[in-house]
Amino acid sequence: MSIFEFFQALLQYEFLQKALFTSVVVGIICGIVGCFIILRGMALMGDAISHAVLPGVAISYMLGINFFFGAVLTGVLTAIGIGYVSQNSRIKHDMAIGIMFTSMFAVGIVIITMMKSSADLYHILFGNVLAVRMSDMWITLGIGLLVIGLVVLFYKELLVSTFDPTMAQSYGLPNKWIHYALMAVLTMVTVASLQTVGIVLVVAMLITPAATAYLLTNRLSVMIYLSAIIGVISSVFGLYFSFTYNLASGATIVLVSAFLFALAFFFSPSQGLVWKAHKSRKNRLELMEK
Amino acid sequence: MENNGNSIAIRVDDLSFHYGDKNVLQHVTMEIKKGSFLGLVGPNGSGKSTLIKCILGLQKPQQGQVYLFGEKVNKFNDWDKIGYVSQKANSFNTAFPATAFEVVSMGLFGKVGLFRFLKPSDKKKVWDALKSVNMDKSAHQNIGELSGGQQQRIFIARALVSDPELLILDEPTVGVDTESTESFYKMLKDLHHDNNMTLVLVTHDVGVMTSYVTDVACLNKQVHFHGNTKEFEESSSDKMSAFYGHHVHVLHHDHEQK
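Note that this is a predicted model, so its numbers are computed, not measured.

The secondary structure content of chain B amounts to seven helices and ten strands. The burial tally for chain B puts 51% of its 258 residues in the buried class. Within chain B, contacts between residues separated by at least 24 positions form 67% of all contacts whose residues are at least 6 apart in sequence. Accessible surface for chain B amounts to roughly 12,200 Å². Of this, 48% is attributable to carbon and sulfur atoms.

Moving on to helix α2 (residues 14-39) of chain A. All names here are of chain A. Along its 26 residues, α2 runs 38 Å from first to last C-alpha, staying within 8% of the 38 Å computed at 1.5 Å per residue. Counting buried positions over the 26 residues of α2 gives 19, a clear majority of the element. Once α2 ends, the next one or two residues include Gly-41, with phi positive near 65°.

Residues and elements named next belong to chain B. Sheet topology note: the strand β1 (residues 8-19)/strand β4 (residues 63-68) ladder contains five bridges and is antiparallel. Within β4, the residue paired with Val-12 across the bridge is Val-66. Two strands pair when backbone bridges link them, and β4 and strand β5 (residues 71-72) are joined in this way by two bridges, in the antiparallel orientation. When the sheet's bridge partners are listed, Tyr-67 is paired in β5 with Lys-72. Between the end of β4 and the start of β5, which pair antiparallel, lie two residues, with Phe-69 showing a positive phi angle near 50°.

Let us look at the packing of helix α1 (residues 3-12) of chain A against helix α12 (residues 220-245) of chain A. Residues and elements named next belong to chain A. Remark: α1 packs on α12, axes separated minimally by 11 Å, with the N-to-C direction vectors making an angle of 90°. The orientation of α1 with respect to α12, classified from their angle, is roughly perpendicular. Packed against α1, whose contacting residues are Ile-3, Phe-6 and Ala-9, the element α12 presents Phe-237, Leu-239, Tyr-240 and Phe-243 at the interface.

Time to look at the pairing of strand β6 (residues 82-85) of chain B. All names here are of chain B. Of the two faces of β6, the one holding Ile-82 and Tyr-84 and the one holding Gly-83 and Val-85 are both buried throughout. Note: β6 against strand β7 (residues 166-170), four bridges, orientation parallel. In the sheet register, Gly-83 faces β7, and the bridge partner there is Leu-167.

So, on to the interface of chain B and chain A. Opposite the 28 residues of chain B that make contact, chain A presents 22 residues. Both faces combined, the contact of chain B with chain A buries some 2,400 Å², and carbon together with sulfur accounts for 65% of it. With a closest N to O distance of 3.3 Å, Arg-219 of chain A and Glu-102 of chain B form a salt bridge. One can count five residue pairs in polar contact (both at pLDDT 80 or more) joining chain B with chain A. Listing elements by their share of the side of chain B that touches chain A, those giving two or more residues are α2 (100-105) and α4 (148-160) of chain B.

This part is about the sheet that holds β5 of chain B. Through backbone hydrogen bonds, the strands of a sheet pair up, either in parallel or in antiparallel fashion. Residues and elements named next belong to chain B. An order of β2-β1-β4-β5 is seen for the four strands of this open sheet, with the pairing classed as antiparallel. Only two strands of the sheet have a single neighbouring strand rather than two, namely β2 (22-33) and β5. Where helix α1 (residues 48-55) meets the sheet, it contacts β1, β2 and β4, and its direction lies at approximately 120° from that of β1.

Residue and element names in this part refer to chain A. Here Leu-182 is to be found in helix α10 (residues 175-193). Between the C-alpha atoms of Leu-182 and Val-151, which are 31 residues apart in sequence, the distance is 9.7 Å. If near-sequence neighbours (up to four positions away) are discounted, Leu-182 is found in contact with Phe-36, Ile-37, Arg-40, Met-42 and Leu-158.

Here is what the cut-offs are and how they apply
- Residues numbered from 1 in each chain as written.
- Chains lettered and ligands numbered in written order.
- Predicted model: local features only at pLDDT ≥ 70, side-chain atom pairs only at ≥ 80, totals over all residues.
- Heavy atoms only, no water.
- Helix = DSSP H or I, 4+ residues; strand = E, 2+ residues; numbered from the N terminus.
- Buried < 20%, exposed > 50% of the residue type's maximum accessible area, 1.4 Å probe, protein only.
- Contact = heavy atoms within 4.5 Å.
- Areas by Shrake-Rupley, 256 points an atom, 1.4 Å probe, with all protein chains shown as cover.
- Expected span 1.5 Å × (residues − 1).
- Pairing = 2+ DSSP bridges.
- Axes fitted to C-alpha atoms, helices over the stretch in contact; angles between N-to-C directions.
- Parallel < 35°, antiparallel > 145°, perpendicular 65-115°, else oblique.
- Buried area = accessible area lost by both parts, 1.4 Å probe.
- Salt bridge = Lys/Arg side-chain N within 4 Å of Asp/Glu carboxyl O.
- Polar contact = N/O pair within 3.5 Å; in protein donor to acceptor, adjacent residues only side chain to side chain.

Here it is, written out as structure tokens:
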């Protein structure tokens, strides 16, 4: 199917419009939040929290309430648990992350299996963007607006506490609360991304577009916009491949973002390996001429 | 509240601090006068950084009290009055995507509330701060591209931009070459002279520092000397040997206990 036919299908099918809209919102918020996650050195934490959302989603499903509440609850509890274990024993932070999130994930799998709906499990884990319902779309939009609002409102606090935590503390900024607030935002982003990329691959949408943007600019504000744009491009093209070849949307979206990362990695004007090699070769030649 | 008069910027009252069974500070009492430029010296591991952290309320001592401008540190709210430049190595992410200008403007965020962004007058303050540390030419360079000494100047500018009354520098010249260190001290002296600011400079290196400061305090778990530069130089030779001699003794003592 050509891109043109994809556009035709887009005009024709409402489910595809909802899928596209949701993907775009997810691309934007994952891109924005991802910048702070990678600059705070929390890529692994992002992976952990997104997985830890699973039991919350399962319990909400069982109780018939919205995913959102359960997910935020178990996500934040896991973040607190990780902090508690690493601060009160000789277990290091990365070990605590590994232990806590896998346990939570396992609990989620058990609960969902007991509910006997493995189809749902598959969709929660890997995303099924073409099955986005109207209510899911509104939740994603609501979370998107909330996340963007929080980042705009607390941009300065996030910037300072990310750049220099010691200085933030000496200013009286509550680093700990900023950390947990960010964890809460992370769980919300995960919930918003459940249907587009699924729990297992959310972390890729948090890290890859932000890392790509990081290779392209030296300014945080620019990095955030770029990261959001790269997130959107990944989502839209990922959706196209998912729809055209009937593949899991999470996988296609992540592959597009990985491709964009590879492009930046090799060809970024300032950081790209190709230009660096070219420059150093040129310098060497110039040196030899002298 | 204790009545300290108005001439005291920092008062430390019988402060003791220990990590587990390791004593870091023992009964430290000192007063730092407003408008002074204090060099706080002591060998590595003498508790200088811990004392600074207690003064800033970042660590809670097990005993004793700190007063900032006459206010107990846990009640103190006027953090705008205090600029702090930490040891370069332990903080900040060198690969962070921010220009020198942006880093300095972060120093204003304490004053600029929610929703409000930097006004033209704030930007002028940032430029002034950059000029006062002779870094205005590097304003748009990425912080990670600057040398260690230049980065440290940017961090001073960040502390200066909110017009603090008290500036605390914790080993600002670690990893900076000797020549840059001297010009750095000279810059601090000029800042002190021009702005009538109280400065506390923490260092383990007594050498050149004494020719720039007005007062000296020697710390090695306890305060061994606190007076003006002249007094320090007069008593320097025997004080210093006693000071570092004591340091050796303490290490030996610790060793025997284990």
